[in-house]
Amino acid sequence: MDNTQQRPTFIFLIISTAWLFDAMDVGLLSFIMPIVHQQWALSNSQTGLISSVSTIGMVCGGFYFGHLADRIGRKNTLIATLLTFSIGNLILAISPGFYTFLGIRFFVGMGLGGELPVAATYIADIYRGTKRSQMLILADSFWALGWLVASFLSFLLTPVLGWRGILVVTAIAGVFAIVLRKHIHETAPKSTGTQHWLVSLKTTFKPWTLMLWLAWFMVMFSYYGMFMWLPSIMVDKGYGIVNSFGYTTIIVVAQLPGYLCASWLAKRIRVKYVFAIYMLGTVFGAIMFGQSASALLIVISGCVLSFFNLGAYGAIIALTPELYAHNIRGTMTGMAQGIGRIGAIFGPLLIGVLMDHQISISIIFVIFMVSLLIGSIAVLALPSADQQPNGEVNQ
């Protein structure tokens, strides 16, 4: 028996750092954005471009590293993604200006974009049945922990180290995680050629794959559009950068019970229904947030958004790997998340453009409400995992 079987909790915690680092970087970027916006006198459209370029890198990273995980194994690919992230952040900390910052963020995004599909594939390899869905949702809950770490780092260290110093701290933490990942074991044999996975890909690619991609696009379009701009929206409403950090921290805490409830539901109903329920709950939160006029209402509606939107995110991560055969699981999971990242490009960029044109926050959140409804319908149209000829799970 290998160590993966002997130490499942230890392995699970190591793999879950992928979600923690991904969220920590996204969270720190959202907190850094208003600071860089002021320091370099950027327009809202330019500020939104920072997030969008990062996400373009994530799209490329999802496609490239997802396929690489099927070719050279999950373990080596996970280490490669984190090396890309850590080295990139070290270089980013010394970037002299806006355009250099954009170029480096692309490569940091590649590392981050490759982490989650490979980590999800690894967990899908070592668990089966409803346990797989539960553990994938619980792994995704580390996203909330990453946001909390980002909030505290920003609140405590920004006045002391500045945004450049914080990037150095995150890079050093990434090196520590690389050391931990050396202790995990491979779950998939390395591929010996390209023909095998291409044949499997052709067999697996069905019309419902497009529906899965549409759902990924919509959930990430709405998530990144709303949460990447959350601190900036609060600053725009007059609450200040420091207060926005505090409010965002409270809102992020609401993600944890959202994940736990989604994991609990995944044991009792099909994951696609969990996703649909949580997307509809996010619609309600978007309506509330768009109409909020006071700090209290912003925090309450933000908590509702966090609870449901991140639970939906966990559900679709749990749903995706189990739909594909072992030998192309990394590739297809990476492709699905890559398509989702395209939505994450347009979400923040859209808000920046609309805010530059003086469009109200309430109208902007109506757009996200519609996208959430479309995502719910797309997932409900998916077949269940036990209906797939290449699937391994009977839910």
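The rules behind these values
- Residues numbered from 1 in each chain as written.
- Predicted model: local features only at pLDDT ≥ 70, side-chain atom pairs only at ≥ 80, totals over all residues.
- Heavy atoms only, no water.
- Salt bridge = Lys/Arg side-chain N within 4 Å of Asp/Glu carboxyl O.
- Buried < 20%, exposed > 50% of the residue type's maximum accessible area, 1.4 Å probe, protein only.
- Patch = residues over 30% accessible without salt bridge, like charges linked within 9 Å, V, L, I, M, F, W, Y side chains within 5 Å.
- Areas by Shrake-Rupley, 256 points an atom, 1.4 Å probe, with all protein chains shown as cover.
- Helix = DSSP H or I, 4+ residues; strand = E, 2+ residues; numbered from the N terminus.
- Axes fitted to C-alpha atoms, helices over the stretch in contact; angles between N-to-C directions.
- Left-handed = near helix turned anticlockwise from the far one by under 90°.
- Nonpolar A, V, L, I, M, F, W, Y, C, P; charged D, E, K, R; others polar.
- Contact = heavy atoms within 4.5 Å.
- Polar contact = N/O pair within 3.5 Å; in protein donor to acceptor, adjacent residues only side chain to side chain.
- pLDDT = per-residue confidence, 0-100.

The protein chain carries the name MFS transporter in an unreviewed UniProt entry, which gives Lactobacillus kefiranofaciens as its organism.

### What about the pattern of salt bridges?
All told, the structure shown has six salt bridges when counted by the stated rule. For Arg74, the salt bridge goes to Asp70, with nearest N and O atoms at 2.6 Å. The class for Arg74 is buried, based on a relative accessible area of 0%. Among the residues examined, Asp70 registers a relative accessible area of 6% and is labelled buried.

### Points about a nonpolar patch on the surface
Judged by side-chain polarity, Leu83, Ile87, Leu90, Ile91 and Ile94 come together as a nonpolar surface patch covering roughly 480 Å² of accessible area. Tracing the sequence through the fold places Ile94 in the loop between α4 (74-92) and α5 (98-126). Look at Ile94 and you get exposed, because its relative accessible area is 67%.

### Observations concerning the packing of helix α9 (residues 207-227) against helix α15 (residues 329-356)
Helices that pack against each other are described as a pair by the angle of their axes relative to one another and the distance between those axes. As a packed pair, α9 and α15 sit with axes 6 Å apart at the nearest point and diverge in direction by 40°. The handedness of the crossing between α9 and α15 is right-handed. Looking at side-chain class alone, the contact of α9 with α15 contains 18 nonpolar, six polar and one charged residues.

### A look at the environment of Phe307
Mapped onto the elements of the fold, Phe307 is located in helix α14 (residues 295-319). Separated by 45 residues in the primary sequence, Phe307 and Ala262 have C-alpha atoms spaced 9.6 Å apart. Those residues in contact with Phe307 that lie beyond four places of it in its chain are Ala254, Pro257, Gly258, Cys261 and Tyr278.

### Topic: the side chain of Thr47
In this fold, Thr47 is placed in helix α3 (residues 44-72). Judged by relative accessible area, Thr47 falls into the buried class, the value being 1%. Among the polar contacts made by the side chain of Thr47, one reaches the side chain of His37 at a distance of 2.7 Å.

### Details of the confidence of the model for the protein chain
Put simply, the protein chain has an average pLDDT of 81, and 86% of its residues get 70 or more. Put simply, helix α1 (residues 3-6) is where the protein chain has its lowest mean pLDDT, 45, and helix α12 (residues 255-266) is where it has its highest, 91. The low-confidence segment residues 1-6, where pLDDT is below 50, has seven contacts with residues more than four positions distant or belonging to other chains. Note on residues 386-395: pLDDT under 50 across the span, and 28 contacts to partners over four residues away in sequence or across chains.

### Regarding the side chain of Thr77
Within the secondary structure layout, Thr77 lies in helix α4. Among the polar contacts made by the side chain of Thr77, one reaches the main-chain carbonyl oxygen of Gly73 at a distance of 2.7 Å. Not counting residues within four places of it along the chain, the set of residues in contact with Thr77 comprises Phe65, Leu68, Ala69, Ile72 and Val118.

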